[in-house]
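So the chains spell out like this:
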Amino acid sequence: MANAVGPLRCFYAPSPDEDGTMAYTGGVLKRIWTDYGQSDWGERAFLVLQSHGWDMGPACAGGSDQFRAVIQHGLPFMEQHPKSPYQLDVQLTLAQGYETWWSLSQAVAPTGDEYGEAVEPQKYQQGAEEARQKAIAYYERLLQTAPQSDHAAYARRVLPRLKLGIDTGQRRFYCIYWD
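On a predicted model such as this, the values are computed, not experimentally measured, just so you know. (Residues numbered from 1 in each chain as written. Predicted model: local features only at pLDDT ≥ 70, side-chain atom pairs only at ≥ 80, totals over all residues. Heavy atoms only, no water.)

Quick notes on the overall build of the chain
Point 1. Within the chain one finds six helices and two strands.
Point 2. The linear arrangement of helices and strands in the chain, starting from the amino end, is β-β-α-α-α-α-α-α.
Point 3. Counting contacts in the chain only where the partners sit at least 6 residues apart, residues at least 24 apart contribute 58% of the total.
Point 4. Split by element, the accessible area of the chain, about 10300 Å² in all, is 53% carbon and sulfur. (Helix = DSSP H or I, 4+ residues; strand = E, 2+ residues; numbered from the N terminus. Contact = heavy atoms within 4.5 Å. Areas by Shrake-Rupley, 256 points an atom, 1.4 Å probe, with all protein chains shown as cover.)

Looking at the state of the cysteines
Point 1. Scanning the model with the defined rule gives one disulfide in all.
Point 2. The disulfide partner of Cys60 is Cys175, and the gap between their sulfur atoms is 1.8 Å. Across the S-S bond linking Cys60 and Cys175, the dihedral sits near -75 degrees, which makes this disulfide left-handed. With Cys60 in the loop between helix H2 (40–51) and helix H3 (66–80) and Cys175 in the segment after helix H6 (150–164), this pair connects stretches of sequence that are 115 residues apart. (Disulfide = S-S within 2.5 Å.)

Some points on the side chain of Thr100
Point 1. The topology assignment puts Thr100 in helix H4 (residues 87–106).
Point 2. Judged by relative accessible area, which is 0%, Thr100 ranks as buried.
Point 3. With residues near it in sequence (within four places) discarded, Thr100 still touches Phe67, Gln170, Arg171, Arg172, Phe173 and Tyr174. (Buried < 20%, exposed > 50% of the residue type's maximum accessible area, 1.4 Å probe, protein only.)

A look at the packing of helix H1 (residues 27–36) against H2
Point 1. At a minimum axis distance of 8 Å, the contact between H1 and H2 shows a crossing angle of 135 degrees. With respect to H2, the element H1 is oriented oblique. Both H1 and H2 take part in a crossing whose hand is left-handed. Note on element contacts: H2 touches H1 through Trp41, Gly42, Glu43, Ala45, Phe46, Val48 and Leu49, opposite Leu29, Lys30, Ile32, Trp33 and Tyr36. (Axes fitted to C-alpha atoms, helices over the stretch in contact; angles between N-to-C directions. Parallel < 35°, antiparallel > 145°, perpendicular 65-115°, else oblique. Left-handed = near helix turned anticlockwise from the far one by under 90°.)

Here's what the structure looks like:
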């Protein structure tokens, strides 16, 4: 078995926890997606990465705004893999990514409460309304594409709030690491 200095180095990183265990960073999945993206396994690897906000490293290593990577990677996937069996799943992550962006722009600014959410809504204002509209469009697309799916059921639950401009509290693709 190789140690962290050898071949496994790109796949594991030290955990921020005191116990000193190693944390998987997604290296194998990224490699499968990069080298075999047109195969079923490549698309599966993509979906796992997408579902984790493209940040599988320890303690939000990729930053807090995972929704940006989800959107950045999800849009080309939708275009380049139109017949993928994972289209609905990627549509859902895109809808939730855009919803996360908009919801962060609606968050209440921190008040100094150490247990409060550390979102600075002013950082997310630019493009937020467009993100809300795109979230609505992706959720509506899910309703049209697969009205009986779990994805559509979720869309039916969040769409009314989004359409009314009421914060949904979506944080799926926002990462906060608490020390």
